[in-house]
Amino acid sequence: MAEIIVVTSGKGGVGKTTTSASFAVGLAARGHKTAVVDFDIGLRNLDLIMGCERRVVYDFVNVIRKEATLNQALIRDRHHRELYILPASQTRDKDALTQEGVGEVLDELSKTFDYIVCDSPAGIERGAQLAMYFADHAIVVTNPEVSSVRDSDRMLGLLSSKTRRAEQGREPLKEHLLLTRYSPARVANGDMLSVPDVNEILAIPLLGVIPESTAVLRASNSGEPVILDKESDAGQAYADAVARFCGESVAHRFMTEKPHWIKRLFGLKAKEVAV
């Protein structure tokens, strides 16, 4: 049976779809057969970030309504043969998703996939609740700002009470914190919450810290998940997060400010004098 991962947040624009795409790619690159499902009915951005928007013929809602089979709707990723995308519909509304229909699709995917990544819409409306309902893991994506963290705290309450695991009295789903758009310089200036600040409020295990990076926008515009940009700090941070999720012990990076080149130069000269 597949492990179902929901990527969620209370606030929009924090990087859920970027995270879903990069996480799915990272799992597939490790040899895990992975499906990533877009629950954001009516908007549909996952296919753009994955670079497969021109190949969408059938979508998630078509499968639920028996207008197409799951195999017809799944799109194989260009870079990894073990990765498939199930796009959302742009022409339907959130009510097109039903708990029974979503459950049937996820059950069918679970027969052949190792991981299913559910890209949730923001907030607490129906699409978001259905994305989290069947999950085994939740990656809670938040920015280091008060409103984003507060909304994520609200989502943690829903994750503990509005899931199938909670209804059945089973072991709670595993929660993971992913802090995005983090800038150590802005933290030092008091413009952002620090990692310890966010940890103190949310109190769930830290999976990763993704630095504020222009590489994310470049990747989105080019239709390639940023994790494929192995030279970028954001790409490396996502790769680290996937490694931690898979059980590896990886030190956190990008949490402190890089010294300015002038400071590095003077630091180097000081060392030379000391020698």
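Scroll up to find the structure.
What you see is a predicted model, and the numbers here were worked out from it, not measured in a lab. (Residues numbered from 1 in each chain as written. Predicted model: local features only at pLDDT ≥ 70, side-chain atom pairs only at ≥ 80, totals over all residues. Heavy atoms only, no water.)

Q: How should the overall build of the protein be read in this particular structure?
A: Helix and strand counts for the protein stand at 13 helices and 8 strands. Relative to the compact-globule value of 19 Å for 275 residues, the protein shows a C-alpha radius of gyration of 20 Å, a close match. A principal-axis box enclosing the C-alpha atoms of the protein has dimensions of 75 × 40 × 30 Å. When the 275 residues of the protein are sorted by exposure, 53% land in the buried category. A fraction of 74% describes how many contacts in the protein between residues 6 or more apart in sequence connect residues 24 or more apart. In the structure as shown, the protein presents an accessible area of about 13,100 Å², 49% of it carried by carbon and sulfur atoms. Each charge class in the protein was averaged separately, 34 positive and 37 negative side chains, and the resulting centres sit 3 Å apart. (Helix = DSSP H or I, 4+ residues; strand = E, 2+ residues; numbered from the N terminus. Rg over C-alpha atoms; globule rule 2.2 N^0.38 Å. Buried < 20%, exposed > 50% of the residue type's maximum accessible area, 1.4 Å probe, protein only. Contact = heavy atoms within 4.5 Å. Areas by Shrake-Rupley, 256 points an atom, 1.4 Å probe, with all protein chains shown as cover. Lys, Arg positive; Asp, Glu negative; His and termini not counted. Charge placed at Lys NZ, Arg CZ, Asp CG, Glu CD.)

Q: Any chance you could explain the layout of surface pockets here in plain terms?
A: To locate leftover empty space, one rolls a probe as large as a water molecule over the atoms. Its boundaries defined by the atoms lining it, the largest pocket holds a volume of some 520 Å³. Together, 27 residues line the largest pocket, and Gly 13, Val 14, Gly 15, Thr 18 and Arg 181 are the ones closest to its centre. Elements that contribute at least two residues to the lining of the largest pocket include exactly helix 1 (16–29), helix 2 (46–49), strand 7 (174–182), strand 8 (206–211) and helix 11 (214–222). Ranked by the residues each element gives to the lining of the largest pocket, the list is headed by helix 11, at 4 residues. (1 Å grid on protein atoms, 1.4 Å probe; cavity = no way out; pocket = protein on both sides within 12 Å on 5 of 7 lines; lining within 4 Å. Points joined across faces, edges and corners; volume = space filled by probe spheres on them.)

Q: Can you walk me through the side chain of Asp 47 in this structure?
A: As for its position among the elements, Asp 47 is in helix 2. Discounting residues that sit within four places of it in the chain, Asp 47 has contacts with Cys 52, Glu 53 and Val 56.

Q: Teacher, can you tell me more about the packing of aromatic side chains here?
A: Here the distance between the centres and the angle between the planes together describe a pair of aromatic rings. Taken as a whole and judged by the stated rule, the model has 5 aromatic pairs. Plain terms: the ring middles of Tyr 115 and Phe 245 are 6.0 Å apart, the flat faces sit at 65° to each other, and that makes the pair edge-to-face. Of this pair, Tyr 115 sits in strand 5 (residues 115–119) while Phe 245 sits in helix 12 (residues 233–245), and the two are 130 residues apart along the sequence. Phe 245 shares its class with Tyr 115; the two are buried. Their ring planes at 85° and their centres at 4.8 Å tell us that Tyr 133 and Phe 134 sit as a pair that is edge-to-face. Judged by relative accessible area, which is 9%, Tyr 133 ranks as buried. Connected via pairs of aromatic rings, a cluster forms that spans Phe 23, Tyr 115 and Phe 245. Over the ring of Phe 113 we find Lys 33; its NZ or CZ atom is 5.0 Å from the centre of that ring. (Phe/Tyr/Trp six-rings, centres within 6.5 Å; stacked < 30°, edge-to-face > 60°. Lys NZ or Arg CZ within 6 Å of the ring centre and 35° of its normal.)

Q: What am I meant to see in the environment of Cys 246 here?
A: Structurally, Cys 246 can be placed in the loop between helix 12 and helix 13 (261–274). Residue Cys 246 is classed as partly exposed on the basis of its relative accessible area of 30%. Sequence separation between Cys 246 and Leu 27 is 219 residues; the distance between their C-alpha atoms is 8.4 Å.

Q: What am I meant to see in empty space enclosed by the protein here?
A: Applying the stated rule across the entire model yields 1 cavity of 30 Å³ or more. In this structure, the largest cavity encloses a volume near 40 Å³. Together, Gly 208, Val 209, Ala 237, Asp 240, Arg 244, His 252, Arg 253 and Phe 254 line the largest cavity. Sorting the residues of the lining of the largest cavity by element identifies strand 8 and helix 12 as the ones contributing at least two each. The dominant element in the lining of the largest cavity, judged by the number of residues it contributes, is helix 12, at 3 residues. Among the residues making up the lining of the largest cavity, the classes are represented as 3 nonpolar, 2 polar and 3 charged. (Nonpolar A, V, L, I, M, F, W, Y, C, P; charged D, E, K, R; others polar.)

Q: For this particular structure, what's the right way to read the sheet that holds strand 4 (residues 83–86)?
A: Reading across from one edge, 3-4-2-5-1-6-7-8 is the order of the 8 strands in this open sheet, with mixed pairing throughout. Edge positions in the open sheet fall to strand 3 (75–76) and strand 8, since each of these has one partner strand only. Relative to strand 5, strand 2 (residues 34–38) runs parallel, the two being bridged by 5 bridges. Within strand 5, the residue paired with Asp 38 across the bridge is Asp 119. In the packing of helix 1 onto the sheet, contacts are made with strand 1 (3–8), strand 2, strand 4, strand 5, strand 6 (137–142), strand 7 and strand 8, and the angle to strand 5 comes to roughly 170°. Against the sheet, helix 12 touches strand 1, strand 5, strand 6, strand 7 and strand 8, its axis set at about 175° to strand 8. (Pairing = 2+ DSSP bridges. Axes fitted to C-alpha atoms, helices over the stretch in contact; angles between N-to-C directions.)

Q: Which parts of the structure should I look at to understand helix 11?
A: An α-helical turn contains 3.6 residues, so a residue and the one three or four places further along point in the same direction. Of the residues that open helix 11, the one with a side-chain oxygen 3.1 Å from the backbone nitrogen of Ala 215 is Ser 213. Two residues or fewer past helix 11, Gly 223 is found with a positive phi of approximately 75°. (Polar contact = N/O pair within 3.5 Å; in protein donor to acceptor, adjacent residues only side chain to side chain.)

Q: What exactly am I supposed to notice about the pairing of strand 5 here?
A: Taken residue by residue, a regular strand's side chains alternate between the two faces of the sheet. Burial runs high along strand 5: 5 of the 5 residues are buried. Of the two faces of strand 5, the one holding Tyr 115, Val 117 and Asp 119 and the one holding Ile 116 and Cys 118 are both buried throughout. Relative to strand 5, strand 1 is paired through 5 bridges, and the arrangement is parallel. Its bridge partner lying in strand 5, Val 7 is registered against Asp 119.

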